[in-house]
Amino acid sequence: MKYVDVKVQKDLLENRLQEGELFTFRCHDGLECFTKCCRNLNLFLYPYDVLQLKNRLNIYSDQFLGSYVDIVLRESNFFPDVLLRMSENAEKTCPFLNDSGCKVYPDRPDTCRTFPLEQGILFQEPSGKATDLYFFKPPDFCLGQYESQEWTTETWSENQGAVFYHEMTAKWSEVKALFHADPWGREGPNGPKGKMAFMAAYNLDKFRDFVFHSTFLKRYKVKADVLKKIKTDDVALMKFGFGWIKLFIWGIKQTYLKKR
Ligand code: SF4
Ligand code: SF4
């Protein structure tokens, strides 16, 4: 997901697909380039990606973060990003790549589902309204672009099971966009508050434990139906966590959650 600044990214916008615009693509194991795209990547993982992958691997979110990712702080952003760590081999292959392809395919990350498209978000000033943008500029080695099957961004997203992923990524982008400003002061993003916010977004098992087994519920009043749901529903807990970050860090009111 890219945050697009129209003033500085005119060349990127030239590759933008308009709603309903067609592109051609077909990926299959008969192509010479098969799995070439799963190497040496800067593959950003969003909170919902981490949830799906750690459930796929049947491990705790803590274990997933410890074993599979690098956490990086990019310039001009005050919240860390999560990058899938590539394998330490000559080709730096994705850790989920095996001889027959992607071993986590049904739960592959949003970016992999969206490829060969790239998704971006344009925040319009001063309203802050967010618009999804899609770009089509696959790397030259990707032979799927020369196949004849036609898609629009909508039919491609549906075909790839990406619609809900996009929805969750967009929700996260709203939170992430707040962190273009520095809320941390001298404590910095790695201070106690930063660590708590990161946990709420990416370390869902730990966040559930925090909500139900710390003083959290003495400090926050949560609507009864929401509280019941987040006990077992991971997606509900993730959305709750996004809201909590907005309240905890930025003081943005939430309808289902308030300080006692
Ligand atoms: S067609 Fe493109 S997406 Fe498919 S395997 Fe080849 S490089 Fe990857
Ligand atoms: S998760 Fe799967 S599709 Fe994505 S880069 Fe890794 S092997 Fe390729």
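The rules we used
- Residues numbered from 1 in each chain as written.
- Chains lettered and ligands numbered in written order.
- Predicted model: local features only at pLDDT ≥ 70, side-chain atom pairs only at ≥ 80, totals over all residues.
- Helix = DSSP H or I, 4+ residues; strand = E, 2+ residues; numbered from the N terminus.
- Rg over C-alpha atoms; globule rule 2.2 N^0.38 Å.
- Buried ≥ 20, exposed ≤ 12 C-beta atoms within 10 Å, placed from the backbone.
- Contact = placed C-beta atoms within 7 Å.
- Domains from an automatic or database assignment.
- Nonpolar A, V, L, I, M, F, W, Y, C, P; charged D, E, K, R; others polar.
- Core = buried A, V, L, I, M, F, W, Y, C linked by C-beta atoms within 7 Å.
- Near = placed C-beta within 6 Å.
- Pairing = 2+ DSSP bridges.

Some remarks on the overall build of the protein chain
In step 1: Scanning the protein chain from N- to C-terminus turns up 11 helices and 13 strands.
In step 2: Over its C-alpha trace the protein chain gives a radius of gyration of 19 Å, about what one expects of a compact globule, namely 18 Å for 260 residues.
In step 3: The principal-axis extents of the C-alpha atoms in the protein chain amount to approximately 60 × 45 × 35 Å.
In step 4: The burial tally for the protein chain puts 27% of its 260 residues in the buried class.
In step 5: The long-range share in the protein chain, meaning contacts at least 24 apart out of those at least 6 apart in sequence, stands at 70%.

Some thoughts on the domain arrangement of the protein chain
In step 1: Segmentation of the protein chain into domains returns domain 1 (2-161) and domain 2 (185-259).
In step 2: Placing the centre of domain 1 and that of domain 2 at their C-alpha centroids yields a distance of 27 Å.
In step 3: For the side of domain 1 that touches domain 2, the secondary structure elements donating two or more residues are helix 2 (47-56) and helix 3 (61-68).
In step 4: The greatest single-element share of the side of domain 1 that touches domain 2, amounting to four residues, is contributed by helix 2.
In step 5: Across the side of domain 1 that touches domain 2, the residue classes tally to 11 nonpolar, one polar and one charged.

Observations regarding unusual backbone geometry
In step 1: In this chain, Phe115 is followed by Pro116 through a cis amide linkage whose omega measures 15°.
In step 2: If you check the backbone angles, Thr35 has positive phi at about 70° while not being a glycine.
In step 3: Its location among the elements puts Thr35 in the loop between strand 3 (23-24) and strand 4 (44-45).
In step 4: The class for Thr35 is partly exposed, based on 17 C-beta atoms found within 10 Å.
In step 5: One non-glycine residue with positive phi stands out, namely Asn40, at about 45°.

So, the nonpolar core
A general feature of soluble globular proteins is that nonpolar side chains tend to end up buried together.
In step 1: Counting 35 residues, the largest nonpolar core has Val50, Ala200 and Ile245 as the members making the most contacts within it.
In step 2: Mapped onto this core, the elements with two or more residues apiece are helix 2, helix 3, strand 6 (81-84), helix 6 (163-178), helix 7 (192-202), helix 8 (204-213) and helix 11 (234-250).
In step 3: Each of domain 1 (2-161) and domain 2 (185-259) gives at least three residues to this core.
In step 4: Among residues more than four places away in sequence, those in contact with Ala200 are Phe207, Gly241, Trp244 and Ile245.

Looking at helix 7
In step 1: Burial in helix 7 covers these residues: Gly194, Ala197, Phe198, Met199, Ala200, Ala201 and Tyr202.
In step 2: On the buried face of helix 7, the contacting elements are helix 2, helix 3, strand 6, helix 8 and helix 11.

Some points on the site of ligand 2
In step 1: In the neighbourhood of ligand 2, the contacting residues comprise Cys38, Leu41, Leu43, Cys94, Phe96, Leu97, Cys102, Val104, Arg108, Pro109 and Cys112.
In step 2: Residues that form the shell around ligand 2 fall into these classes: 10 nonpolar, no polar and one charged.

A closer look at the sheet that holds strand 4
In step 1: In space, the three strands of this open sheet follow the order 4-6-5, with antiparallel pairing throughout. A strand with exactly one partner marks an edge of an open sheet, and here the two such strands are strand 4 and strand 5 (69-72).
In step 2: Of the strand pairs in this sheet, strand 4 and strand 6 are connected by two bridges, and their pairing is antiparallel. Within strand 6, the position partnered with Phe44 by the bridge is Leu83.

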